[in-house]
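Notes for the structure review
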Amino acid sequence: MLLLNRVNLIGKIADDPRVYFTSNHIRIMSFELITDSDKSLSRLHHVVIEDPLIIEYAYTYLFAGSVVWVEGQLEYFCSAHDNSKDVWIVVSRKHGRLHPLMQ
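Cut-offs and rules
- Residues numbered from 1 in each chain as written.
- Predicted model: local features only at pLDDT ≥ 70, side-chain atom pairs only at ≥ 80, totals over all residues.
- Heavy atoms only, no water.
- Core = buried A, V, L, I, M, F, W, Y, C linked by side-chain atoms within 4.5 Å.
- Buried < 20%, exposed > 50% of the residue type's maximum accessible area, 1.4 Å probe, protein only.
- Helix = DSSP H or I, 4+ residues; strand = E, 2+ residues; numbered from the N terminus.
- Contact = heavy atoms within 4.5 Å.
- Salt bridge = Lys/Arg side-chain N within 4 Å of Asp/Glu carboxyl O.
- pLDDT = per-residue confidence, 0-100.
- Arc of directions from axis to C-beta.
- Polar contact = N/O pair within 3.5 Å; in protein donor to acceptor, adjacent residues only side chain to side chain.

Next up on the list: the nonpolar core. With 17 residues, the main nonpolar core has F31, L33, V47, I49, V68, V70 and L98 as its most contacted residues. Mapped by element, the contributors of at least two residues to this core are β1 (7-13), β3 (27-34), β4 (44-49), α1 (52-61), β5 (67-78) and β6 (85-91). The contact partners of L33, leaving out residues within four places of it in the chain, are L9, G11, K12, I13, R43, L44, H45, V47, V68 and V70.

Before going further, it helps to spend a moment on the pattern of salt bridges. One pass over the structure, following the stated rule, counts 4 salt bridges. With its nearest N and O atoms 2.7 Å apart, the salt bridge here joins R6 to E71. With a gap of 65 residues between them, R6 in the segment before β1 and E71 in strand β5 connect regions that are remote in the sequence. Here E56 makes a salt bridge to R27, at a shortest N to O gap of 3.0 Å. Within this pair, whereas E56 is found in helix α1, its partner R27 is found in strand β3, the two being separated by 29 residues in sequence. The exposure class assigned to E56 is partly exposed, which follows from its relative accessible area of 40%. Exposure remark for R27: the relative accessible area of 28% places this residue in the partly exposed category.

Scored by pLDDT, the protein chain has a mean of 85; 87% of the residues are at 70 or more. Mean pLDDT across the secondary structure elements of the protein chain bottoms out at β6, with 79, and peaks at strand β2 (residues 18-21), with 94.

Take α1 next. All of the buried residues in α1 are I54, I55 and A58. Viewed end-on, α1 has its buried residues packed into an arc of 100 degrees, placing them on one side of the element. Facing away from the buried side of α1, by more than 90 degrees, are the exposed residues L53 and Y61. Two to three positions downstream of the cap, the backbone nitrogen of L53 sits 2.9 Å from a side-chain oxygen, assigning the N-cap of α1 to D51.

The structure is reproduced here in structure tokens:
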């Protein structure tokens with residue numbers, strides 16, 4: 001059986017990307033991506049970047065309002081306080097890309 005976990009989204013970055021460090025001192029970046037310009041239909045997607053080269057580029061050149069094309073994989077995270085599941089689009093070194101688009 002062949003399984004595929006791949007997501008492609010084009011949208012605007014909602015807020016400036018944020019950089020965090022994990023407990024293992026690994027740098028990651030996150031931001032929210034808005035995928036529809038109509039406020040009544042807009043969707044907010046959580047994006048996490050794990051690739052150090054993409055993080056460096058994004059930290060230097062991307063900001064709130066930048067239009068990007070994100071390629072990544074869906075990952076599900078369970079919240080410890082309310083047992084809800086969050087869905088994130090993860091851009092890793094093996095499975096992901098980030099392309100800036102004209103604004």
